[in-house]
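Working through the structure, step by step
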Amino acid sequence: AEPQPITEVDIFISTQRIKVLNADSQETMIDLALRTISYIADIGNIVVLMARRRLPHCDSQENVEVSDPSQDSKHQHKMICHVFESEDAQMIAQSIGQAFSVAYQEFLRANGINPEDLSQTEYSDLLSTQDMYNEDLVHFSRSENCKDVFIEKVKGEILGVVIVESGWGSILPTVIIANMMHAGPAERSGKVNIGDQIMSVNGTSLIGLPLSTCQSIIKGLKDQSQIKLNIVRCPPVTTVLIRRPDVRYQLGFSVQNGIICSLMRGGIAERGGVRVGHRIIEINSQSVVATPHEKIVQILSKAVGEIHMKTMPAAMYRLLTAQEQPLYI
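Given the structure is predicted, the values throughout are model-derived calculations rather than measurements.

1. Observations regarding the overall build of the chain
- Secondary structure assignment for the chain yields ten helices and 18 strands.
- Across the 329 residues of the chain, 44% fall into the buried class.
- Residue pairs at least 24 apart in sequence account for 66% of intrachain contacts in the chain once pairs closer than 6 positions are excluded.
- Per element, the accessible surface of the chain, about 16,900 Å² overall, is 50% carbon and sulfur.

2. Some points on the packing of aromatic side chains
- A complete count under the given rule lists zero aromatic pairs for this structure.
- Over the ring of Tyr 317 we find Arg 279; its NZ or CZ atom is 4.8 Å from the centre of that ring.

3. So, unusual backbone geometry
- You will see that Ala 183, though not glycine, has its phi angle at about 65°, which is positive.
- Its location among the elements puts Ala 183 in the loop between β9 (175-180) and α6 (185-189).
- Accessibility expressed as a relative area gives 41% for Ala 183, which makes it partly exposed.
- Backbone geometry places Asn 257, a non-glycine residue, at a positive phi of 50°.
- By the element assignment, Asn 257 lies in the loop between β14 (253-256) and β15 (259-263).

4. A few points about the sheet that holds strand β2 (residues 17-22)
- A sheet is described by the order of its strands in space; here three strands give the open sequence β1-β2-β3, paired in antiparallel fashion. Of all the strands in the sheet, just β1 (9-13) and β3 (28-33) have a single pairing partner and so form its edges. Averaged over all pairs of adjacent strands, the angle between their axes in this sheet comes to 10°, without regard to strand direction.
- When β2 meets β3, the two strands line up antiparallel, connected through five bridges. When the bridges of β3 are listed, Val 20 appears paired with Ile 30.

5. Side note on the nonpolar core
- Formed by 21 residues in total, the largest nonpolar core has its most connected members in Val 161, Ile 163, Val 192, Ile 198, Val 201 and Leu 229.
- The residues touching Leu 229, leaving out its near neighbours within four places in the chain, are Lys 147, Asp 148, Val 149, Ile 151, Val 192, Ile 198, Ser 200 and Val 201.
- Counting 20 residues, the second-largest nonpolar core is a separate cluster that includes Leu 251, Leu 263, Ile 296 and Ile 299.

6. Some thoughts on the pattern of salt bridges
- Across all of its chains, the model carries six salt bridges by this definition.
- For Asp 148, the salt bridge goes to Lys 228, with nearest N and O atoms at 3.8 Å. With a gap of 80 residues between them, Asp 148 in strand β7 (residues 146-152) and Lys 228 in strand β12 (residues 226-232) connect regions that are remote in the sequence.
- Relative accessible area serves as the criterion here: at 33%, Lys 228 is assigned to the partly exposed category.

7. Some remarks on the confidence of the model for the chain
- The predicted model of the chain has a mean per-residue pLDDT of 79, with 79% of residues at 70 or higher.
- Mean pLDDT values over the elements of the chain span from 34, in helix α1 (residues 64-67), up to 92, in strand β16 (residues 278-283).
- Contacts of residues 58-74 to residues separated by more than four positions or lying in other chains number 32 contacts, the stretch itself having pLDDT below 50.

8. Quick look at the side chain of Asn 179
- Within the secondary structure, Asn 179 is located in strand β9.
- Overall, Asn 179 belongs to the buried group, its relative accessible area being 15%.
- For Asn 179, the contacting residues outside a window of four places in its chain are Gly 160, Val 161, Val 162, Ile 194, Leu 319, Pro 326 and Tyr 328.

9. A few points about the side chain of Thr 311
- Secondary-structure assignment places Thr 311 in strand β18 (residues 305-313).
- Here Thr 311 falls in the buried class, since its relative accessible area comes to 0%.
- Within the local environment of Thr 311, its side chain forms a polar contact with the side chain of His 278, the two groups lying 2.9 Å apart.
- Look past the residues within four positions of Thr 311 in its chain and what remains in contact with it is Pro 236, Val 237, Thr 238, Val 240, Ile 260, His 278, Arg 279, Ile 280 and Ile 281.

10. Some details on the pairing of β15
- Counting buried residues along β15, five of its five residues qualify, which places the element largely inside the surrounding structure.
- Where β14 meets β15, four bridges bridge the pair, whose relative direction is antiparallel. For Phe 253, the partnering residue across the bridge sits in β15 and is Leu 263.
- Where β14 hands over to β15, the hairpin turn is made up of two residues, of which Asn 257 adopts a positive phi near 50°.

11. Quick word on the environment of Asp 88
- Looking at where Asp 88 falls in the secondary structure, it is placed in the loop between β6 (77-85) and α3 (89-110).
- On the basis of relative accessibility, which here comes to 42%, the residue Asp 88 falls in the partly exposed class.
- Between the alpha carbons of Asp 88 and Asn 45 there is a distance of 7.1 Å; along the sequence they are 43 residues apart.

12. Brief notes about helix α7 (residues 211-219)
- For α7, the set of buried residues is Leu 211, Cys 214 and Ile 218. For α7, the buried positions fall inside an angular range of 65° around the axis, keeping them on one side.
- Where α7 is buried, its residues meet β8 (161-165), β9 and β10 (197-201).

13. Focus on the environment of Glu 270
- Looking at where Glu 270 falls in the secondary structure, it is placed in helix α8 (residues 268-271).
- Looking at Glu 270, the relative accessible area reads 12%, which means it is buried.
- Between the C-alpha atom of Glu 270 and that of Leu 241, which follows or precedes it by 29 residues, the distance is 9.7 Å.

What counts as what
Here, residues in each chain are numbered from 1, in the same order as that chain's written sequence. Side-chain atom pairs in this predicted model are given and counted only at pLDDT of 80 or more, local residue features only at pLDDT of at least 70, and totals for whole chains, interfaces and linings cover all residues. Only hydrogens and water are removed before side-chain values are computed, so all heavy atoms of the structure are retained for them. Secondary structure follows DSSP: runs of H or I at least 4 residues long count as helices, runs of E at least 2 residues long count as strands, and numbering of each begins at the N terminus. Burial here depends on accessible area, computed with a 1.4 Å probe over protein chains only, as a share of the maximum for the residue type. Under 20% is buried, over 50% is exposed, and the range in between is partly exposed. Between two residues, a contact is recorded if the distance between any of their heavy atoms is within 4.5 Å. In this description, accessible areas are obtained by the Shrake-Rupley approach with a 1.4 Å probe, and a residue is regarded as covered only by the protein chains that are shown. A pair of aromatic rings is counted whenever rings of Phe, Tyr or Trp (Trp by its six-membered ring) have centres within 6.5 Å, and the orientation is called stacked for planes under 30 degrees apart, edge-to-face for over 60 and tilted otherwise. We call a charge positioned over a ring when the NZ of a Lys or the CZ of an Arg lies within 6 Å of the ring centre and within 35 degrees of the ring normal. Strand pairing is assigned whenever DSSP detects at least two bridges linking the two strands. For helices, the fitted axis covers only the stretch in contact; all axes are lines through C-alpha atoms, and the angles between them, taken along N-to-C directions, range from 0 to 180 degrees. Buried Ala, Val, Leu, Ile, Met, Phe, Trp, Tyr and Cys residues form a nonpolar core when they are joined through side-chain atoms within 4.5 Å. The working definition used for a salt bridge is a side-chain nitrogen of Lys or Arg within 4 Å of a carboxyl oxygen of Asp or Glu. Per-residue confidence from the predictor is reported as pLDDT, which spans 0 to 100. N or O atoms closer than or at 3.5 Å make up a polar contact, with two conditions inside protein: a donor-capable atom paired with an acceptor-capable one, and, for residues adjacent in sequence, both atoms drawn from side chains. Summarising the geometry, the arc corresponds to the directions from the helix axis toward the C-beta atoms.

What follows is the structure, encoded as structure tokens:
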């Protein structure tokens, strides 16, 4: 809502980094490792670039996630949105996408795989044959999955739920019920389940709002005796199906310690239902809950054909595995 200063910049793109320099002074304004980029889009003359930035209190090592496997990126990073205006917006976005493609080819060669040349046309042709799997809009548009529920409670009583983000890649980003307080109003009602996505509360839409705002809205219901929730029934575990005919085709997402941390828009992973911020539970019916990071990367880099995965929001996973104590609201 605040007016932002506009500065003319030069953008440099490589297979390692994206740098943004002040066009006049050539001072570095933004320096992003390519692996931190989570979203790229061109909309008319606008380029939108989203990247994970390490929080100030984090360790200074470049790859904190690997140096301390007991921590995950949710606690160590926040997402920053950078917006650029240029007549060459489409070309800039395509150049960044090409950098990812070249970096992937280098990754394959470093792992002893010699990929054949794969043109963008071939990749586009592959995408054109694939429908969205487990598509949110289809699920959300079915009346049997969407309903209004009324929960009765005593004034001064909290609703008794823990909510987490649905994860980037969700077409309708909102919050999910990750846990319910035993004998609390939500559980007593018998009308909501873990995994349900909350669309609105007492007529106030939660779609697209930050998690902290959604939490504040629900906390503000403490003095009410009846709450109306519009929910969409969803299982707590998301089923993913990626169709990859050959290792030459990049999956289009990156993973760190089992958590999906970036996703290439329009790629085969997004079409398969992959979401940023989700923890991978299974790959092709094989549990990877206790599998080291390197092994997960190896499994994914060599997987071809139909790749079946099960994922859930990382915050929900930590609650269910008692890595975190629930904070009910």
